[in-house]
Amino acid sequence: MAEHPAYPVGLRLTGRRVVVLGGGQVAQRRLPALIAAGADVRLVSPEVTPSVEAMAEAGEITWLRRRYAEGDLADAWYALIATSDKEANARASAEAERNRVWCVRSDDADQATAWTPATGHSEGVTVAVLTTDAKGRDPRHTAAIRDAVVEGLRDGTLVAPHHRTRTPGVALVGGGPGDPDLITVRGRRLLAEADVVIADRLGPRDLLAELPPHVEVIDAAKIPYGRYMAQEAINNALIEHAKQGKSVVRLKGGDPYVFGRGMEEVHALTEAGIPCTVVPGISSSVAVPGAAGIPVTHRGVAHEFTVVSGHVAPDDERSLVDWPSLARLTGTLVVLMGVDKIGRIAETLIEHGKSPGTPVALVQEGTTAAQRRVDATLATVAETVVAREVRPPAVIVIGDVVRAGLPAAEQAAE
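What you see is a predicted model, and the numbers here were worked out from it, not measured in a lab.

K.L.:
Would you mind going over the overall build of the protein chain with me for this structure?
P.N.:
Check the secondary structure of the protein chain and you find twelve helices and 17 strands. In terms of overall dimensions, the protein chain is more spread out than a globule: its C-alpha atoms have a radius of gyration of 28 Å, far above the 22 Å expected for 414 residues. Seen along its three principal axes, the alpha-carbon backbone of the protein chain occupies a region of about 80 × 55 × 35 Å. Contacts in the protein chain between residues far apart in sequence, at least 24 positions, make up 61% of those at least 6 positions apart. Only carbon and sulfur atoms are counted for the fraction: they give 52% of the accessible area of the protein chain, which is about 21,900 Å². If you average the places of the 44 positive and of the 52 negative side-chain charges in the protein chain, the two averages end up 3 Å apart.

So this is what it looks like as structure tokens:
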């Protein structure tokens, strides 16, 4: 029907009536964007999916529980026709044409006066992709183009360096457990926009190789700190580069606020008047056990999990961990930074009532190509770590969930 390409336009629907006919999967996919646009959505359908029903119950849309009737498109600015009744669709389409209401049809794009583009979003930019005619449209191809453009915007590859958004200040970015694909979309975009990246040893190192050549990469472990403590030197480096008007990313492993000293850096930056944003990351405390086939909770096995730092031994006066209380818990205990202290940790847990036969798994270099899993019990873990030469970084999981994991993971365990 269409001999000319569609004219692309953005509809401002805030407070304007939009009528949706049908409450199935098409409506379920389209409604969130209409709601986000502020439209006054009237949905007409005798039945809807549970997700659509939840939108109606939340007051986000008005649901008329009946079939389409002549006059339903009165006062509408836009209509989405997506019922399984072709005759009703045709009648509604004709009403839209008479009333000059832009109308999308899920069953027959040729008879529609509007087409829905494949859309995506990235930091205030909306990407909408349409092909030139209805008959030649391949939704998968259109979606693939959309995905490629959005991904390019998110990781910075579609933004020329001299046109990219440069925001002076510091972003504390959680890089995730190690696999570069497990950093958040926002974290990856900020890396692409950075002038300076100060990286931890446990951050996703593969991401650094993707950075443009002009980006200055600083190894946090190699910052000279003279009379300062190492953390103070890192704080000073963040402040110094930010005061030069640079966009700085502090790339950390896991999440900045899970044993990452992120708040110390936030305080230092705030006191110096430096704008700071924190981007959460996937914590290794959950991701690494999961990558090794171990759920930290499991129905009928563990209704709780506790994450503790093992960087100081239980008998060290600096320890803030209540190990006797942990020994009495029935859930999962996840220990980070505890490989060299696991012997004393195991002894303390047993001393305070934990069964010596409690399963233990040590997952080294989790989510990376070098990942390996070593299983033991509280009674044997100290000697197992030595015999199997387990080295940091490793996440230690203590509890019955170790045996509740996937059989394939157990077979692959070392």
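K.L.:
Could you clarify how one ought to interpret the pairing of strand E15 (residues 359-364) in this entry?
P.N.:
One face of the sheet, then the other: side chains in a regular strand alternate in exactly this way. With six of six residues buried, E15 is to be regarded as a mostly interior element. On E15, burial covers both faces: Pro359, Ala361 and Val363 on one face and Val360, Leu362 and Gln364 on the other are all buried. As paired strands, E15 and strand E16 (residues 372-377) are joined by six bridges and run antiparallel to one another. Its bridge partner being in E16, Val363 is matched across the sheet by Arg373. Of the pairings in the sheet, the one linking E15 to strand E17 (residues 394-398) comprises five bridges and is antiparallel in character.

K.L.:
Even after reading the chapter, I still don't get the sheet that holds strand E10 (residues 216-219), so can you show me in this structure?
P.N.:
Sheet strands pair via backbone hydrogen bonds, and the direction of the pair is either parallel or antiparallel. Pairing is parallel across the open sheet formed by five strands, whose spatial order is E10-E9-E11-E8-E12. Single-partner strands in this sheet number two, and they are E10 and strand E12 (276-279). Going across the sheet, the axis of each strand differs from the next one's by a mean of 20 degrees, ignoring polarity. The sheet contact formed by strand E9 (residues 196-199) and strand E11 (residues 247-252) spans four bridges and is parallel. Looking across to E11, one finds that Ile198 is bridged to Arg250.

K.L.:
Would you take a moment to explain the pattern of salt bridges for this structure?
P.N.:
Side chains that differ in sign of charge can pair as their charged atoms come close. All chains considered together, the criterion is met by 18 salt bridges. Arg250 is paired through a salt bridge with Glu265; the nearest N and O atoms lie 3.1 Å apart. Placement of Arg250 in strand E11 and of Glu265 in helix H7 (residues 262-271) is noted, with a sequence separation of 15 residues between them. Side by side, Arg250 and Glu265 carry an identical accessibility label, which is buried. It is possible to trace a salt-bridge network through shared partners that takes in Asp200, Arg250, Lys252 and Glu265.

K.L.:
Help me understand the nonpolar core, please; the structure alone is not making it clear to me.
P.N.:
The nonpolar side chains of a soluble globular protein tend to be buried with one another. Ranked by size, the top nonpolar core spans 22 residues in total, and within it Leu333, Leu349, Val381 and Ile398 carry the most contacts. The set of elements that each furnish at least two residues to this core consists of helix H9 (323-328), strand E14 (332-336), helix H10 (342-351), E15, E16, helix H11 (381-387) and E17. Of the residues forming this core, the biggest block, four residues, is contributed by H10. Contacts of Val381, omitting those with residues within four sequence positions, involve Ile342, Ala346, Val360, Leu362 and Ala376. Ranked by size, the runner-up nonpolar core spans 19 residues in total, among them Leu31, Leu43, Tyr78 and Ala114.

K.L.:
Is there a simple way to explain the layout of surface pockets in this structure?
P.N.:
Rolling a probe over the atoms, with the probe sized like a water molecule, indicates the empty space that remains. Computed from the structure, the second largest pocket encloses a volume of approximately 1,400 Å³. Lining the second largest pocket are 34 residues, with Val9, Tyr78, Trp115, Thr116 and Pro117 positioned closest to its centre. Contributions of two or more residues to the lining of the second largest pocket are made by helix H1 (25-36), strand E4 (78-81), strand E6 (118-122) and strand E7 (125-129). Considering each element in turn, the lining of the second largest pocket owes the most residues, four residues, to H1.

K.L.:
Explain the sheet that holds strand E2 (residues 40-44) to me, please; I cannot follow it from the model alone.
P.N.:
Strand order in the open sheet formed by five strands is E3-E2-E1-E4-E5, and the pairing between neighbours is parallel. The open sheet is flanked by strand E3 (62-64) and strand E5 (102-105), the only strands paired with a single partner. Sheet twist, expressed as the average angle between the axes of neighbouring strands with direction ignored, equals 15 degrees. Taken together, the four bridges between strand E1 (residues 17-21) and E4 define a ladder with parallel strand orientation. The residue bridging Val19 from the neighbouring strand is Ala79, located in E4.

K.L.:
How should I be thinking about the side chain of Glu95 in this particular structure?
P.N.:
Within the secondary structure, Glu95 sits in helix H3 (residues 86-99). Put simply, Glu95 is tucked away with no salt bridge, and the nearest opposite charge, on Arg98, sits 5.1 Å away. Residue contacts for Glu95: discarding those within four places in its chain leaves Tyr68, Ala69, Glu70, Gly71, Asp72, Leu73 and Ala74.

K.L.:
Explain the packing of H1 against helix H2 (residues 50-57) here, please?
P.N.:
Relative orientation and spacing of two packed helices are given, respectively, by the angle between their axes and the distance between those axes. Where H1 meets H2, the axes come as close as 9 Å, and the angle between the chain directions of the two elements is 25 degrees. When the axis of H1 is compared with that of H2, the two are roughly parallel. Every pair of crossing elements has a handedness; the one defined by H1 and H2 is left-handed. Taken together, the residues of H2 that come into contact with H1 (itself represented by Gln28, Leu31, Pro32 and Ile35) are Ser51, Val52 and Met55.

K.L.:
Is there a simple way to think about unusual backbone geometry in this case?
P.N.:
Residues other than glycine predominantly adopt negative phi, and peptide bonds predominantly adopt the trans conformation. A cis geometry characterises the amide bond from Pro392 onward to Pro393, with omega recorded as 0 degrees. We note that Glu389 has phi near 55 degrees; this positive angle belongs to a residue other than glycine. Looking at the secondary structure, you find Glu389 in the loop between H11 and E17.

Each value, and the rule that gives it
- Residues numbered from 1 in each chain as written.
- Predicted model: local features only at pLDDT ≥ 70, side-chain atom pairs only at ≥ 80, totals over all residues.
- Heavy atoms only, no water.
- Helix = DSSP H or I, 4+ residues; strand = E, 2+ residues; numbered from the N terminus.
- Rg over C-alpha atoms; globule rule 2.2 N^0.38 Å.
- Contact = heavy atoms within 4.5 Å.
- Areas by Shrake-Rupley, 256 points an atom, 1.4 Å probe, with all protein chains shown as cover.
- Lys, Arg positive; Asp, Glu negative; His and termini not counted.
- Charge placed at Lys NZ, Arg CZ, Asp CG, Glu CD.
- Buried < 20%, exposed > 50% of the residue type's maximum accessible area, 1.4 Å probe, protein only.
- Pairing = 2+ DSSP bridges.
- Axes fitted to C-alpha atoms, helices over the stretch in contact; angles between N-to-C directions.
- Salt bridge = Lys/Arg side-chain N within 4 Å of Asp/Glu carboxyl O.
- Core = buried A, V, L, I, M, F, W, Y, C linked by side-chain atoms within 4.5 Å.
- 1 Å grid on protein atoms, 1.4 Å probe; cavity = no way out; pocket = protein on both sides within 12 Å on 5 of 7 lines; lining within 4 Å.
- Points joined across faces, edges and corners; volume = space filled by probe spheres on them.
- Parallel < 35°, antiparallel > 145°, perpendicular 65-115°, else oblique.
- Left-handed = near helix turned anticlockwise from the far one by under 90°.

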